[in-house]
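Survey of secondary and tertiary structure
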Amino acid sequence: PKLQDLGLQNNRGLGDAAAVAVAEALSAGQLPELTCLELRDIGMGDEGAKALAGALSVTLKLRKLAVSGNTIGEQAQDLRDFSAQDFVDGLLDDQ
């Protein structure tokens, strides 16, 4: 069985490094069945958000992405733009 849900939420010490690592795994096709990605309150900033935004275009099965509780600025607009897409639930909303 392939990983479908990845929950790293509420681990503020993970930071950008975790978001970048997840983004690299997504980009490399290592998480092809991922449907839910929970990155709420992990201490992610613009660096992690930019990496994640770049990887989202190859995640065909992703249905939920939660990143609220992180410090994502205007420089990470690409990730914010995904909030307008129907396939992503709760992108920047507090949950």
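Residues numbered from 1 in each chain as written. Predicted model: local features only at pLDDT ≥ 70, side-chain atom pairs only at ≥ 80, totals over all residues. Heavy atoms only, no water.

1. Comments concerning the confidence of the model for the chain
Considering every residue of the chain, the mean pLDDT works out to 82; 77% of them sit at 70 or more. Of the regions scoring below 50 in pLDDT, residues 86-95 engages in 35 contacts with residues more than four places distant in sequence or in other chains. (pLDDT = per-residue confidence, 0-100. Contact = heavy atoms within 4.5 Å.)

2. Details of the side chain of Glu38
Its place among the elements puts Glu38 in strand β2 (residues 36-38). Look at Glu38 and you get buried, because its relative accessible area is 10%. At 3.2 Å, the side chain of Glu38 forms a polar contact with the side chain of Lys64. In contact with Glu38, not counting residues within four places along its chain, are Leu6, Gly7, Leu8, Gln9, Lys64 and Ala66. (Helix = DSSP H or I, 4+ residues; strand = E, 2+ residues; numbered from the N terminus. Buried < 20%, exposed > 50% of the residue type's maximum accessible area, 1.4 Å probe, protein only. Polar contact = N/O pair within 3.5 Å; in protein donor to acceptor, adjacent residues only side chain to side chain.)

3. A closer look at the sheet that holds strand β3 (residues 64-66)
In space, the three strands of this open sheet follow the order β1-β2-β3, with parallel pairing throughout. Here the strands that pair on one side only, and so sit at the sheet edges, are β1 (5-7) and β3. Each strand axis lies, on average, 5° off the axis of its neighbour in the sheet, ignoring direction. In terms of strand pairing, β1 meets β2 through three bridges, oriented parallel. In the sheet register, Asp5 faces β2, and the bridge partner there is Cys36. (Pairing = 2+ DSSP bridges. Axes fitted to C-alpha atoms, helices over the stretch in contact; angles between N-to-C directions.)

4. Details of unusual backbone geometry
The backbone of Asn10 sits at a positive phi, close to 65°, despite the residue not being glycine. The backbone of Asp41 sits at a positive phi, close to 55°, despite the residue not being glycine. Along the chain, Asp41 falls in the loop between β2 and α2 (46-55).

5. Some details on the nonpolar core
Grouped together as the largest cluster of nonpolar side chains are 20 residues, with contacts concentrated most on Leu26, Leu34, Leu37, Met44, Leu52, Leu65 and Val67. Contributions of two or more residues to this core are made by α1 (15-27) and α2. When residues of this core are assigned to their parent elements, the largest contribution, five residues, is made by α1. (Core = buried A, V, L, I, M, F, W, Y, C linked by side-chain atoms within 4.5 Å.)

6. Some words on the pattern of salt bridges
In total, this model carries four salt bridges according to the counting rule given. Note that Arg12 is salt-bridged to Asp41, the shortest N-O span being 2.4 Å. Of this pair, Arg12 sits in the loop between β1 and α1 while Asp41 sits in the loop between β2 and α2, placing them 29 residues apart in sequence. For Arg12, a relative accessible area of 45% gives the class partly exposed. Asp41 sits in the partly exposed class, given a relative accessible area of 23%. The closest approach of N and O atoms between Glu38 and Lys64, which form a salt bridge, is 3.2 Å. Of the two residues, Glu38 sits in strand β2 while Lys64 sits in strand β3, which places them 26 residues apart along the sequence. The class for Lys64 is partly exposed, based on a relative accessible area of 26%. Put simply, Glu38, Arg40 and Lys64 are held in one network by salt bridges that share partners. (Salt bridge = Lys/Arg side-chain N within 4 Å of Asp/Glu carboxyl O.)

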